[in-house]
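Architecture at a glance
Okay, here's what each chain looks like letter by letter:
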Amino acid sequence: MNQIVSGTDYLTLPRPAQTWLIEPLIPAGGTALVYGPPKVGKSVAAMQMAAAVVTKSDWLGYPARTQGPVVYVQLDNPRSLWADRLKEASPRIPGLLDVMQTDRELLDTYPTFDILNTQHSDILTVALREVNPVLVVVDTLIKSHSAKENDPTEMTAVLARLTAAVRPAALLIVAHNKKPPTNDEWKPSVIHDNRGASSVVGEMDGIISVHKTSFSIVGRAIEDTDFTAWLEGEGHHPIMWHRGKKPG
């Protein structure tokens, strides 16, 4: 078979049908990003997405098309705080406690995990292969590496290492946004507001920007979308997101 073919012949080549974890945000084996300011509910959104895949249910109106194991790699919160959040949210989010969990202590990389450290990446790779997930959540990106977050070359290497470690599962990354400038000409942008190198968003199939009362979504297979949402729970104890306006 020729290694280079015409456009007409290319259209006749065998190709697998597109499969989704959550349509049209996270393709099977793809990459997606959830980001926003501190304490806005990024991790809650990621928890709900993870549970949606485990139970093959909707995430804020977007259907999960594939059901399978999910691993949540929690690198940001202390174990005591994260365990409390899971306990409080689990009665309201079906399937949440079926999402498998790991952290720096369980991976034996305490006090810090670094995907650029070959030993750490190998530990994660082996652990994931034992459970064969369809989705891996890494929370947060900044706590997963030792690279300079504004360096495109270094961040490309970080994403390559994370993707290799979770393959063939899809990768969902939780990250922070940039601090907006103070000048009046600034306008929010889902593509450009993620903290760190722009190479990060360039690798994503879906990007979900979380705000206090709304979500903004862009992706390779979706038109730019904004929708209103509200976060159940108060203060340091958010429980789950709901699409639409808050009742009352």
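The present account deals with the structure reproduced in this document.

Procedures and definitions
- Residues numbered from 1 in each chain as written.
- Predicted model: local features only at pLDDT ≥ 70, side-chain atom pairs only at ≥ 80, totals over all residues.
- Heavy atoms only, no water.
- Helix = DSSP H or I, 4+ residues; strand = E, 2+ residues; numbered from the N terminus.
- Contact = heavy atoms within 4.5 Å.
- Core = buried A, V, L, I, M, F, W, Y, C linked by side-chain atoms within 4.5 Å.
- Buried < 20%, exposed > 50% of the residue type's maximum accessible area, 1.4 Å probe, protein only.
- Salt bridge = Lys/Arg side-chain N within 4 Å of Asp/Glu carboxyl O.
- Lys, Arg positive; Asp, Glu negative; His and termini not counted.
- Polar contact = N/O pair within 3.5 Å; in protein donor to acceptor, adjacent residues only side chain to side chain.

Relative to the helices and strands, V99 is located in the loop between α3 (79-89) and β7 (100-103). With 20 residues separating them in the primary sequence, V99 and R79 have C-alpha atoms 16 Å apart. Dropping the residues within four chain positions of it, V99 is found in contact with A50, A51, V54, V70 and Y72.

Another aspect to go through is the nonpolar core. General note: in soluble globular proteins, nonpolar side chains tend to be found buried as a group. Within the largest apolar cluster, 44 residues are counted, with the highest numbers of intra-cluster contacts made by I26, W59 and F215. Contact partners of F215, with chain neighbours within four places excluded, come to A45, W59, L60, I208, S209, V210, T225, D226, F227, A229 and W241. By size, the runner-up hydrophobic cluster in this structure holds 30 residues, among which are L141, V166, I173 and I207.

Moving on to the pattern of salt bridges. In total, this model carries five salt bridges according to the counting rule given. Between K143 and D76 there is a salt bridge, with its nearest N and O atoms 3.2 Å apart. With K143 in the loop between β8 (135-139) and α5 (152-166) and D76 in the loop between β6 (70-74) and α3, the pair connects residues that are 67 residues apart, well separated along the chain. With relative accessibility at 35%, the residue K143 sits in the partly exposed group. A salt bridge links R220 to D205, with the shortest nitrogen-to-oxygen separation between them at 2.9 Å. Here R220, found in the loop between β11 (214-219) and β12 (222-232), pairs with D205, found in the loop between α6 (199-202) and β10 (206-210); they are 15 residues apart in sequence, far enough to count as distant.

The subject of this paragraph is the side chain of D139. Note on placement: D139 falls in strand β8. With no salt bridge to any partner, buried D139 finds its closest opposite charge in R85, at an N-O distance of 6.4 Å. A distance of 2.6 Å separates the side chain of D139 from the side chain of Y72, its partner in a polar contact. Discounting residues that sit within four places of it in the chain, D139 has contacts with S43, Y72, V73, Q74, L75, D76, W82 and V174.

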